[in-house]
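Structural overview for review
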Amino acid sequence: MLEDSSFSIHPEKQTNDLGEIFLDIGDAEQIDRDPHGLTLRTAAGEFKILIYRDEIIRFIFQPFGPASVKTTAAVIARPEQVPFDIREEEKRIILSTKKLILHINKEPVRVTIMDESHQVILQEGKMGIGTNSKKEAVCFKEMTDDDHFYGFGEKTGFLNKKGDKLIMWNTDVYAPHNPETDPLYQSIPFFLALNKGKAYGIYFDNSFKSCFDFQSEKDAYSFHAEGGQLDYYFIAGPGLKEVIERYSLLTGRMPLPPKWAIGYHQSRYSYETDNKVREIAGTFQKKEIPLDAIYLDIHYMDGYRVFTFDRSRFQNPKKLVEELKEKGIMTVPIVDPGVKEDPEYEVFQEGMVNNHFCKYIDGKVYYGDVWPGNSAFPDFANTGVRKWWGERHRFYTDLGIEGIWNDMNEPAVFNKSKTMDEKVVHDHDGVIKTHREMHNLYGFYMCEATYRGMKSLLNGKRPFLVTRAGFSGVQRYAAVWTGDNRSFWEHLQMSLPMIMNLGLSGVPFAGADVGGFAHHANGELLARWTQAGAFMPFFRNHSAIESCYQEPWSFGEKYEKVIKKYIELRYQWLPQLYTLFAEAHKRGIPVMRPLFLEYPEDVKTYNINDQFLVGENTLIAPIMHPSADHRAVYFPEGLWVDYWTDRVLAGNQYHLVSAPLDTLPIFIKKGTAVIHGEKKSSTAVPDKKMIFHLYYHDKSAVRFHLYDDDGRTFNYEKGDFLQKTFHVCYDGPEIIIQTTDTGQFKPAWTQMEFIIHCCNQESLQVELDGKKAAAVKKAGHVFSVVF
């Protein structure tokens, strides 16, 4: 194995693209109007343009036969009956909807996309669509100096991917991740382009290994796949949020998670016995550190066989799960796809007898080496296999388990290629597909099987699923964590843009292993990582076998105190976070946001990788260097209030802010509000009071929402939820608050406390829905009133 040595750059091993052949799509020879668009035929192939929505256009090029309108499982939207106009001229065709105008040149075929005011959004130039020397369909688009590119799912490095070449091929990577590590576990072939405040998106619906190249050409980018047809969707903005909403319309939006899923989770590879699990849970309770879930890694199983417990280590799993639930702690076991080859093992027997495993074309079962040893792999491309696998999770739900952790589902195999033989074939419901085509969908389909199975078994309760591998649309079934990171400061730094780009790619529920998985954490790193993690969507501390333990108390009282403070803070912020998760469910907008998502006109935000927004008004600036107690923070337009001190800072500039070990820099935009609950041991403890922090801005008004429901069931789909909308007007010594409620849910909390910050008035009266009360002045310029 010489790929990690200098041999890997031996000059005789190198190749270049200087002789790359590009066979152009050529001239339009036949043009036909279709119900949803038009079809052009050239000497090089068939090119379809389909109108899905006024702002979403699908383009398909098949160089080797008729273009297919079938999609991958990622796409759930179907084209609507959208009014459009086609006008044919001598040298071009003009296709227009209410929002977009397409100019399609005939000789050769080139596409220019404009908005309704005829401003060019995207165009093809010297090269457009065609095939390369490997007979792979490829698409080129023009690129300008002002273009910035974001998304692409789970990628290391900075937010902006301009200048990179990105591969989509789900890969198990344990070696230390760095900015050039590519690919990783997820393949999400979607990106957003931002240019001077205006945005568009492209989703490439092809599950073969693919490449997005923003590196090889100075004034153009390209994308292609190693098989299949060219099939992509152009998604217009002009706003970034509009693009994300429309992309998530295509590929689906996350369901609302159970509330316990967004609490604090503790994990290790592994807590190897039931007594160790009890010890961990007991220590959390003794130290009064909130906790919602403990994870069981592979050592809970009997010889790493899925759907088993090792009864010498876990003598009574049902009792253990019940004990933890009584403490408000859920149990989340790991489930890998590899099924041990063992003729006495029921799961293997069933899979073999019912032809559920992946095979070669001659019918021989494929076996690969993973944790249990020689193992077979369920053919998740098949609906029947997915149903079987989902039903198998009765083993866990009968024990009281409501959450599952899918790992090794790239699928990972312990061999040179790191995965399944590409000659393996899949039974895609009667259609034979090679693993080359289905590889990137394997984890996606496993997630579908797991989620649907758990949902059907939990009698109306919401399941929780977290996965390592996936494809576009995985958000419909699972949260995503960024895999085997390290206990390095650099990996803390890298986690921010990774999670933000996942959010921009339609996966709002994402996070990284707090403290780092492999290597050895230390108290300062864990404290700083916990501070950042407390505001990330998925909040789990996880560490590897043979690394030092990194539970909150592992590095002494000094660090434990800080770590506990921020885990408690997570629970206080849960009403705000849950409201943002509801927005992600409804609109696809991420919980954790890069600054440019809210301030797309501010070019200074385009490359800020070390800060993020929670929602639209809370700025988080983590400390991500050892021994640092100050940092520079960029503030967009407006006035910003220090969460801890109420100091007001002006926007459109940088400030140097103080951040001793116990302080995470948090800032709230003046004139807005944040919602808190009470400190609690877990989400199983209901809030009795909601606390609304209002950041007073005289002669202004603000509108914000609170979303709530039972946090456990799907009753919200039947209207059993509460969306409370607040309209707040600041007018000198008076604040007028009007609320409107939507939904039928009656929350446990009955009191509302309003804490008003930064108010320079001598006295303050607050009116809530016609009821008036005098606010009590507290320290400084802070008032409080309870209704």
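Below: a short report on this structure. The model shown is predicted, which means the values in this text are computed figures rather than measured ones. (Residues numbered from 1 in each chain as written. Predicted model: local features only at pLDDT ≥ 70, side-chain atom pairs only at ≥ 80, totals over all residues. Heavy atoms only, no water.)

**Here's the deal with the overall build of the protein chain**
Each helix and strand counted, the protein chain has twelve helices and 53 strands in total. By the compact-globule yardstick of 28 Å for 787 residues, the protein chain fits well, its C-alpha radius of gyration being 27 Å. Going through the 787 residues of the protein chain one by one, you find that 64% of them count as buried. Summarising the internal contacts of the protein chain: among those between residues at least 6 apart in sequence, 67% fall at separations of at least 24. In the protein chain, 91 side chains carry a positive charge and 106 a negative one; their mean positions are 4 Å apart. (Helix = DSSP H or I, 4+ residues; strand = E, 2+ residues; numbered from the N terminus. Rg over C-alpha atoms; globule rule 2.2 N^0.38 Å. Buried < 20%, exposed > 50% of the residue type's maximum accessible area, 1.4 Å probe, protein only. Contact = heavy atoms within 4.5 Å. Lys, Arg positive; Asp, Glu negative; His and termini not counted. Charge placed at Lys NZ, Arg CZ, Asp CG, Glu CD.)

**Some points on the pairing of strand S9 (residues 109-115)**
Most of S9 sits inside the fold, with seven of its seven residues counted as buried. The alternating pattern of S9 places Val109, Val111, Ile113 and Asp115 and Arg110, Thr112 and Met114 on opposite faces, both of which are buried. Summarising the sheet, strand S8 (residues 100-106) and S9 pair through seven bridges and their orientation is antiparallel. Each bridged residue has a counterpart across the sheet, and for lysine 106 the counterpart in S9 is valine 109. Where S9 and strand S10 (residues 120-123) come together, three bridges link them in antiparallel fashion. (Pairing = 2+ DSSP bridges.)

**Some details on the sheet that holds strand S32 (residues 479-481)**
If you trace the nine strands from one edge of the open sheet to the other, you get S33-S32-S30-S27-S23-S22-S21-S35-S34, paired in parallel fashion. Both edges of this open sheet fall to strand S33 (510-511) and strand S34 (513-514), since each of them pairs with a single strand only. Here two bridges tie strand S21 (residues 265-266) to strand S35 (residues 540-541), and the two strands are oriented parallel to one another. Residue pairing in the sheet places histidine 265 in a bridge with arginine 540 of S35.

**Describing unusual backbone geometry**
Keep in mind that most residues, glycine aside, have a negative phi and that most peptide bonds are trans. For the bond from glutamate 107 to proline 108, the omega torsion is -10°, close enough to zero to count as cis. With respect to the helices and strands, the residue proline 108 is situated in the loop between S8 and S9. Going from tyrosine 269 to serine 270, the amide bond is cis rather than trans, its omega being 5°. Here phenylalanine 307, not a glycine, exhibits a phi torsion of approximately 65°, which is positive. Taking the relative accessible area as the measure of exposure, phenylalanine 307 reaches 4% and is therefore buried. Of note, the phi angle at glutamate 546 is positive, near 75°, even though the residue is not glycine. Mapping glutamate 546 onto the fold places it in the loop between S35 and helix H10 (557-572).

**Comments concerning the packing of helix H8 (residues 489-504) against helix H9 (residues 523-533)**
Two elements in contact, H8 and H9, have axes whose closest approach is 10 Å; the angle formed by their N-to-C orientations is 5°. Relative to H9, the element H8 lies roughly parallel. Taking contact as the criterion, the partners of Trp489, His491, Leu492 and Ser495 in H8 are, on H9, Glu524, Leu525, Arg528, Trp529 and Ala532. The residue makeup of the contact of H8 with H9, split by class, is five nonpolar, two polar and two charged. (Axes fitted to C-alpha atoms, helices over the stretch in contact; angles between N-to-C directions. Parallel < 35°, antiparallel > 145°, perpendicular 65-115°, else oblique. Nonpolar A, V, L, I, M, F, W, Y, C, P; charged D, E, K, R; others polar.)

**Some remarks on the packing of helix H2 (residues 274-286) against helix H3 (residues 317-326)**
Between H2 and H3, the least distance of the axes is 11 Å, while the angle of their chain directions is 0°. Compared by their axis directions, H2 and H3 come out roughly parallel. On the side of H2, the interface is formed by Asp274, Val277, Arg278 and Ala281, while H3 contributes Leu320, Glu323 and Leu324. Residue composition of the contact of H2 with H3, by class: four nonpolar, no polar and three charged.

**What about the state of the cysteines?**
Working definition of a disulfide: a covalent bond connecting the sulfur atoms of two cysteines. The full count for this structure, using the stated rule, is zero disulfides. In this model cysteine 139 remains outside any disulfide bridge; the closest cysteine sulfur is found in cysteine 211, 13 Å from its own. A disulfide-free cysteine, cysteine 358 has its sulfur positioned 15 Å from the sulfur of cysteine 447, the nearest such atom. (Disulfide = S-S within 2.5 Å.)

**Observations concerning the nonpolar core**
Of all hydrophobic cores here, the largest spans 167 residues; its most connected members are Ile294, Tyr300, Val335, Trp389, Phe464, Phe509 and Phe535. Broken down by element, this core gets its largest block of residues, ten residues, from helix H7 (residues 435-457). Those residues in contact with isoleucine 294 that lie beyond four places of it in its chain are Gln266, Tyr271, Val277, Ile280, Ala281, Leu324, Ile329, Met330, Thr331 and Val332. Among the nonpolar cores identified, the runner-up in size contains 45 residues, and Ile51, Leu100, Val111 and Phe191 belong to it. (Core = buried A, V, L, I, M, F, W, Y, C linked by side-chain atoms within 4.5 Å.)

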